[in-house]
Amino acid sequence: MNSRLFSFVAGETGPWHIERVLAVKGESLAAAPCLDVIPSVTSGEEPGRGRLPPMWALRGITSNERYVTHEEKRSLVAKQQGLGRPDSTCAALIPIRKSEAWWALSQDERRKILEDRSAHIRIGLNYLPAIARRLHHCRDLGTPEPFDFITWFEFAPADIPAFDRLLGELRASEEWQYVEREVDVRLVRK
Ligand code: HEM
């Protein structure tokens with residue numbers, strides 16, 4: 001079953017050890033020992049059913065791309081690698097909420113900010129294939145969610161400095177002025 005819906009469940013169990021939870025902007029998430037990433041078959045399924053109650057659980061769904069051009073997509077597909085590489089023992093879970101002002105913009109205005117003025121895709125491309133990623137949308141779930149996006153990244157320990165540089169570049173961009181909540185959760189595979 002190829003699920004598009006994923007639950008990120010923090011608690012006592014899970015294959016990822018949570019090393020650090022850092023509130024970059026706005027309210028943090030509670031510290032927890034472990035994280036499990038669970039593909040859910042139906043949206044009604046309870047995350048972590050049959051286990052101890054989670055400390056927190058976030059949900060998001062993968063979706064079609066909104067902003068990439070044909071050329072950008074070709075470059076991304078040529079360079080990117082998938083999740084689950086044996087060497088990628090480090091991960092980052094970065095849930096993000098953007099402001100009402102962002103969502104009030106039109107699609108073409110958002111694209112101008114995201115790429116023409118912030119170079120999100122151009123910057124990101126420089127970090128492929130070292131960083132593998134998956135973007136999940138939360139607004140499409142139809143239920144009130146604490147974040148708009150859940151981003152997930154996997155990389156080798158040697159690429160931690162590069163990942164931090166990437167974050168520095170993105171957080172300095174005009175696009176990030178529209179980020180009103182961001183939590184940076186770092187993990188290591190057990
Ligand atoms: C590894 C390098 C990265 C690449 C290649 C990359 C690429 C992309 C692309 C192509 C999109 C647009 C998808 C679409 O067309 O809908 C996107 C969106 C997004 N990325 Fe990245 N990205 C990278 C790193 C990051 C990082 C480190 C973060 C978080 C700290 C991040 C957060 C987001 C978010 C939240 C969106 C959705 C923006 C929106 O729809 O408003 N990305 N990324």
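Presented here is a report on the structure given in the accompanying data block. Within each chain, residue numbers correspond to sequence positions counted from 1 in written order. At least 70 in pLDDT is required for a residue's local features to be given in this predicted model, at least 80 for side-chain atom pairs to be given and counted, and no such filter applies to totals for whole chains, interfaces and linings, which use all residues. Side-chain measures here rest on the full set of heavy atoms in the structure, leaving out hydrogens and waters.

### Some remarks on the pattern of salt bridges
Stage number 1. By definition, a salt bridge exists where a carboxyl oxygen of Asp or Glu is found within 4 Å of a side-chain nitrogen of Lys or Arg. The final tally for this structure, using the stated rule, is 16 salt bridges.
Stage number 2. With a closest N to O distance of 2.9 Å, Arg97 and Glu180 form a salt bridge. Residue Arg97 is located in strand β5 (residues 90-98), and its partner Glu180 is located in strand β8 (residues 179-189); the two are separated by 83 residues in the primary sequence.
Stage number 3. Buried residues are those whose accessible area, probed at 1.4 Å on protein chains only, stays under 20% of the maximum for their type, while exposed residues exceed 50% and partly exposed ones sit between those limits. With a relative accessible area of 27%, Arg97 lands in the partly exposed category.
Stage number 4. With a relative accessible area of 36%, Glu180 lands in the partly exposed category.
Stage number 5. Residue Arg171 is joined to Glu182 by a salt bridge in which the shortest nitrogen-to-oxygen separation is 2.9 Å. Linking Arg171 in helix α5 (residues 160-171) with Glu182 in strand β8, this pair joins segments that are 11 residues apart in sequence.
Stage number 6. Look at Arg171 and you get partly exposed, because its relative accessible area is 28%.
Stage number 7. A relative accessible area of 1% places Glu182 in the buried class.
Stage number 8. Shared partners join several salt bridges into a network, and the residues in it are Arg20, Asp164, Arg171, Glu182, Asp184 and Arg186. Per the convention used, a helix needs a DSSP run of H or I reaching at least four residues, while a strand needs a run of E reaching at least two, with both numbered from the N terminus.

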